[in-house]
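Geometric and topological summary
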Amino acid sequence: MPANKKHLEASAWQRVLKITAGLVGGFLISITFHLFLMYFFPSPPIYTTMYVTGYVLWAILFVLAFLADNGYKIWLIYIGLILMFYLPYLIAPLHT
């Protein structure tokens, strides 16, 4: 049985924006989130659990991208989160 047309995305461009936000943006958020944690906490335990938590976080962000009404808004939110999580590396060099 085909999907109800009222639940499908009308614009192909919005569909592309949501798919790329889910794939690329979700991946970058999950990576920068774990980098953010590694900046403040010891990195070996975070690096070890990143295999599982990174995938779970990416999957959640992928689904959230399709729940958004506008592809531009979800990209704006995802880029803001990426910059926020990467901010410690942009402001100060990594302390060794």
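Residues numbered from 1 in each chain as written. Predicted model: local features only at pLDDT ≥ 70, side-chain atom pairs only at ≥ 80, totals over all residues. Heavy atoms only, no water.

Observations concerning the nonpolar core
This is how it is decided: The set of buried Ala, Val, Leu, Ile, Met, Phe, Trp, Tyr and Cys residues whose side-chain atoms join them within 4.5 Å is what this entry labels a nonpolar core. To sort residues, take the accessible area from a 1.4 Å probe on protein chains only and compare it with the maximum for the residue type: under 20% means buried, over 50% means exposed, and anything in between is partly exposed. The way it works is that DSSP assigns letters per residue, a run of H or I at least four long becomes a helix, a run of E at least two long becomes a strand, and they are numbered from the N terminus. Pairs of residues are marked as contacts when any of their non-hydrogen atoms sit within 4.5 Å.
Counting residues in hydrophobic clusters, the biggest one holds 11 residues: Leu17, Ala21, Ile29, Leu61, Ala65, Ala68, Ile74, Trp75, Tyr78, Ile82 and Phe85. Looking at this core, the elements with two or more residues in it are helix H1 (12-40), helix H2 (43-67) and helix H3 (71-91). With 5 residues, the top contributor of residues to this core is H3. The contact partners of tyrosine 78, leaving out residues within four places of it in the chain, are Ala21, Gly25, Gly26, Ile29, Leu61, Leu64 and Ala65.

Some thoughts on the side chain of glutamine 14
How we decide: Side-chain atoms alone can form a polar contact between residues adjacent in sequence; in general such a contact is a pair of N or O atoms within 3.5 Å, and within protein one must be able to donate a hydrogen while the other accepts it.
Tracing the backbone shows glutamine 14 in helix H1. Judged by its relative accessible area of 13%, glutamine 14 is buried. Among the polar contacts made by the side chain of glutamine 14, one reaches the main-chain amide nitrogen of glycine 71 at a distance of 2.5 Å.

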